[in-house]
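# Coordinate analysis (summary)
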Amino acid sequence: MQRRPVHSDRMLGMDNSQIKVKKSDIVLIVALLVGFLAMITVLTLTKSGGAYVVVSVDSVEVAAFSLDQDITYEIKGFDGGSNTLIIQDGKAHLEDSSCPDHLCEHMGKIDKVGQSIICLPNRVVVEIRGAGDDKGFDTISS
Amino acid sequence: MTPRNSSTKKIATYGMMVALALIMSYIEAQIPALIAVPGMKLGLTNIVVVVALYVFGSKSAMFINIIRILLVSFLFGSATSFAFSITGGMLSTVLMIVLKKTGRFSTIGVSAAGGITHNIGQILVAVLLLHTVAVAWYLPILWISGIVSGIIIGLISGLIASRLPESISK
Ligand SMILES: [Zn+2]
């Protein structure tokens, strides 16, 4: 098998047998990791306990519930899909979803402001909002 | 080699790369998500794109990726999944082309940046489609998984690109 010459311009940054990691690679990856830490820090510092669960289907808010009350609510999703929203012990999660991937059922239980569970096939977003936030639902339904 | 032969060969090589990318997409679709985060992927198909970028150049990498996304959407996807793939795919391919052109990065840096951009593209579509910024909470996990998978993919792609016989790219 014919090997490529070391300094061919198509082979920028590589030789025949291995990759030459450049200084810029390291700088870039370190910068990206710093960005990650900054993001985590901001999210952790601004995280607070939520008060409401707001359910949206295809960008329209259809229901809102207090996290204090244990409920089971069937969400009628986009295109005939359905999900069951369960609020228990101050946390919300989805069960019995009609979507093919069932990813939404594995997104865990949420209770912090800004956290969300998303079921893309059913276009369902379940989102936690704080006590001071506009519940949204009241204004839309009136 | 005559120009005619070389263009025939080009078509055959691109066809092979597209086919490889399709197989990667299919394999990836069969792997259950380890952590249930929308848009999180191993990025196996990116191996083909990065190899194409370094061995055949910018245009072929872009071409192979567009054809791959179209075919995958027709075969296994939906309009929604197409919107996600094309946004993530185009953003990351353009950025990888630009970074590679600077000549300052190996496949590892290029692919790590591409991995993150791919995931950010998907978040952007989710924000637009669902009209909520709540998905921003998924950004850190998609960011870090983009870096890690990007580095691994970059390493594999670099090794493949450096071992391909010269005859294939001429
Ligand atoms: Zn679902």
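Rules used in this analysis
- Residues numbered from 1 in each chain as written.
- Chains lettered and ligands numbered in written order.
- Predicted model: local features only at pLDDT ≥ 70, side-chain atom pairs only at ≥ 80, totals over all residues.
- Heavy atoms only, no water.
- Domains from an automatic or database assignment.
- Helix = DSSP H or I, 4+ residues; strand = E, 2+ residues; numbered from the N terminus.
- Expected span 1.5 Å × (residues − 1).
- Buried < 20%, exposed > 50% of the residue type's maximum accessible area, 1.4 Å probe, protein only.
- Contact = heavy atoms within 4.5 Å.
- Pairing = 2+ DSSP bridges.
- Axes fitted to C-alpha atoms, helices over the stretch in contact; angles between N-to-C directions.
- Polar contact = N/O pair within 3.5 Å; in protein donor to acceptor, adjacent residues only side chain to side chain.
- Salt bridge = Lys/Arg side-chain N within 4 Å of Asp/Glu carboxyl O.
- Core = buried A, V, L, I, M, F, W, Y, C linked by side-chain atoms within 4.5 Å.

### Remarks on the domain arrangement of chain A
When its domains are assigned, chain A resolves into domain 1 (8–46) and domain 2 (52–129). Between domain 1 of chain A and domain 2 of chain A, the C-alpha centre-to-centre distance is 37 Å.

### A short note on helix α3 (residues 58–76) of chain B
In an α-helix, one turn spans 3.6 residues, which is why side chains three or four residues apart end up on the same side. Between its terminal C-alpha atoms α3(B) stretches 27 Å, which fits the 27 Å expected from 19 residues at 1.5 Å a residue. The set of residues buried in α3(B) consists of B:S60, B:A61, B:M62, B:I64, B:N65, B:R68, B:I69, B:V72 and B:S73.

### Digging into the side chain of B:S60
Along the chain, B:S60 falls in helix α3. Apart from residues no more than four positions distant in its own chain, B:S60 is found in contact with B:Y14 and B:A52.

### Describing the sheet that holds strand β6 (residues 116–119) of chain A
All names here are of chain A. If you walk across this open sheet you meet the 4 strands as β2-β1-β7-β6, and the pairing is antiparallel. Across the chains shown, the open sheet's two edge strands, defined by having one partner strand only, are β2 (60–66) and β6. Averaged over all adjacent pairs, the angle separating strand axes in this sheet is 15°, with direction ignored. Bridge count between strand β1 (residues 52–57) and strand β7 (residues 124–129): 6 bridges; the pairing is antiparallel. Across the sheet, the residue bridging to V53 is I128, located in β7.

### Notes on the side chain of B:T93
Residues and elements named next belong to chain B. Secondary-structure assignment places T93 in helix α4 (residues 79–102). Note on T93: relative accessible area 2%, which makes it buried. A distance of 2.8 Å separates polar atoms of two side chains, one belonging to T93 and the other to N65. Once residues lying within four places of it in the same chain are set aside, the contact partners of T93 are V49, A61, M62 and N65.

### Observations concerning the pattern of salt bridges
Residues and elements named next belong to chain A. For the structure shown, the criterion picks out 5 salt bridges over all chains. The partner of R123 in a salt bridge is D58, with the nearest N and O atoms 3.2 Å apart. With R123 in the loop between β6 and β7 and D58 in the loop between β1 and β2, the pair connects residues that are 65 residues apart, well separated along the chain. Classification of R123 by relative accessible area gives buried; the value is 19%. A relative accessible area of 30% places D58 in the partly exposed class. Measuring nitrogen to oxygen at the nearest pair gives 3.6 Å for the salt bridge that ties D111 to K91. One end of the pair, D111, is in the loop between β5 (91–95) and β6; the other, K91, is in strand β5, and 20 residues separate them in sequence. By sharing partners, the salt bridges in this structure join E61, E127 and R129 into a single network.

### Here we look at the nonpolar core
One finds B:M17, B:L53, B:V110 and B:W143 to be the most contacted residues of the largest nonpolar core, which totals 40 residues. Breaking this core down by element, the ones donating at least two residues are α1 (23–46) of chain A together with α1 (3–30), α2 (45–55), α3, α4, α5 (107–130) and α6 (139–163) of chain B. Considering each element in turn, this core owes the most residues, 9 residues, to α2(B). When near neighbours in sequence (up to four residues on either side) are disregarded, B:L53 contacts B:S58, B:A61, B:M96, B:I97, B:K100 and B:V110.

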